[in-house]
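Single-letter residue listing:
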Amino acid sequence: MPQLINLGAEMLRINTARNTIEFSQNAGRSWTVRYNGNSYGTFRDLLPYGNELLACTSKGLYVSTNQGRSFVVRCNNSSYGDFLNLQDAGTELLANTSKGLYYSRNAGRGWVKR
């Protein structure tokens, strides 16, 4: 589960102890909180995807268009199970969930069981 990613000139990480999104502009020597809250659930995974940042949380799949400052729900349909982690597979987005492996061809808006 990528809890640490490169996003342009910054590094982003999930601080699992505090459930925050933090960023570093000095290769990880120091970290600053970018998002602090629990309205999206517990953060599990981050994935840069095009111009977006996708986040798997305990409440579903969320997307940010402002480098993790805020998120909006992309998919919270419980029929897919709990989103655990994501993988960019080129033409598809893959999601490992509590109900198995799913793929999406529309940036995570809809999912099909593999």
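The rules behind each value
- Residues numbered from 1 in each chain as written.
- Predicted model: local features only at pLDDT ≥ 70, side-chain atom pairs only at ≥ 80, totals over all residues.
- Heavy atoms only, no water.
- Phe/Tyr/Trp six-rings, centres within 6.5 Å; stacked < 30°, edge-to-face > 60°.
- Buried < 20%, exposed > 50% of the residue type's maximum accessible area, 1.4 Å probe, protein only.
- Helix = DSSP H or I, 4+ residues; strand = E, 2+ residues; numbered from the N terminus.
- Polar contact = N/O pair within 3.5 Å; in protein donor to acceptor, adjacent residues only side chain to side chain.
- Contact = heavy atoms within 4.5 Å.
- Salt bridge = Lys/Arg side-chain N within 4 Å of Asp/Glu carboxyl O.
- Pairing = 2+ DSSP bridges.

A.B. asks: Help me out: how do you make sense of the packing of aromatic side chains in this one?
C.D. replies: When we look at a pair of aromatic rings, we describe it by the centre distance and by the angle of the planes. Inspection of the entire model under this criterion finds nine aromatic pairs. Ring geometry for Tyr-35 versus Tyr-40: centroids 5.1 Å apart, planes at 40°, classification tilted. Taken as a pair, Tyr-35 and Tyr-40 share a single burial class, namely buried. Ring centres 5.4 Å apart and planes at 55° place the aromatic pair Phe-43 and Phe-71 in the tilted group. Of this pair, Phe-43 sits in strand 5 (residues 43-49) while Phe-71 sits in the loop between strand 7 (60-64) and strand 8 (72-75), and the two are 28 residues apart along the sequence. Phe-71 gets classed as buried once you look at its relative accessible area, which sits at 5%. Among the aromatic residues, those joined into a cluster by ring pairs are Tyr-35, Tyr-40, Phe-43, Tyr-62 and Phe-71.

A.B. asks: In this structure, what is going on with the side chain of Glu-10? I would like to understand it.
C.D. replies: Position of Glu-10 among the secondary structure elements: in strand 2 (residues 10-15). Of note is the side chain of Glu-10, whose polar atom sits 2.8 Å from the side chain of Arg-34. Excluding residues within four positions of it along the chain, Glu-10 makes contact with Ile-5, Phe-23, Ser-24, Gln-25, Arg-34 and Gln-67.

A.B. asks: It is not clear to me how the pattern of salt bridges should be interpreted in this structure. Could you clarify?
C.D. replies: In a structure, side chains of opposite charge can pair up when their charged atoms sit close to one another. Here the structure, examined in full by the defined rule, presents six salt bridges. Across the pair Arg-34 and Glu-10 runs a salt bridge whose closest N-O atoms are separated by 2.8 Å. Of this pair, Arg-34 sits in strand 4 (residues 32-36) while Glu-10 sits in strand 2, placing them 24 residues apart in sequence. A relative accessible area of 8% means that Glu-10 is categorised as buried. In the salt-bridge network here, residues are joined through shared partners; they are Arg-13, Arg-18 and Glu-22.

A.B. asks: Can you help me understand the pairing of strand 3 (residues 20-24) in this one?
C.D. replies: Each regular strand shows side chains that alternate between the opposite faces of the sheet. The element strand 3 is extensively covered by neighbouring structure, given that five of its five residues are classed as buried. Alternating positions in strand 3 separate into two faces, Thr-20, Glu-22 and Ser-24 on one and Ile-21 and Phe-23 on the other, with burial throughout. Sheet analysis places strand 2 next to strand 3, joined by five bridges and oriented antiparallel. Each residue of the ladder has a partner; that of Arg-13, found in strand 3, is Glu-22. With antiparallel pairing between neighbouring strands as the criterion, strand 2 and strand 3 make up a hairpin whose turn holds four residues, including Asn-19 at a positive phi of roughly 55°. Taken together, the four bridges between strand 3 and strand 4 define a ladder with antiparallel strand orientation. Each bridged residue has a counterpart across the sheet, and for Thr-20 the counterpart in strand 4 is Asn-36.

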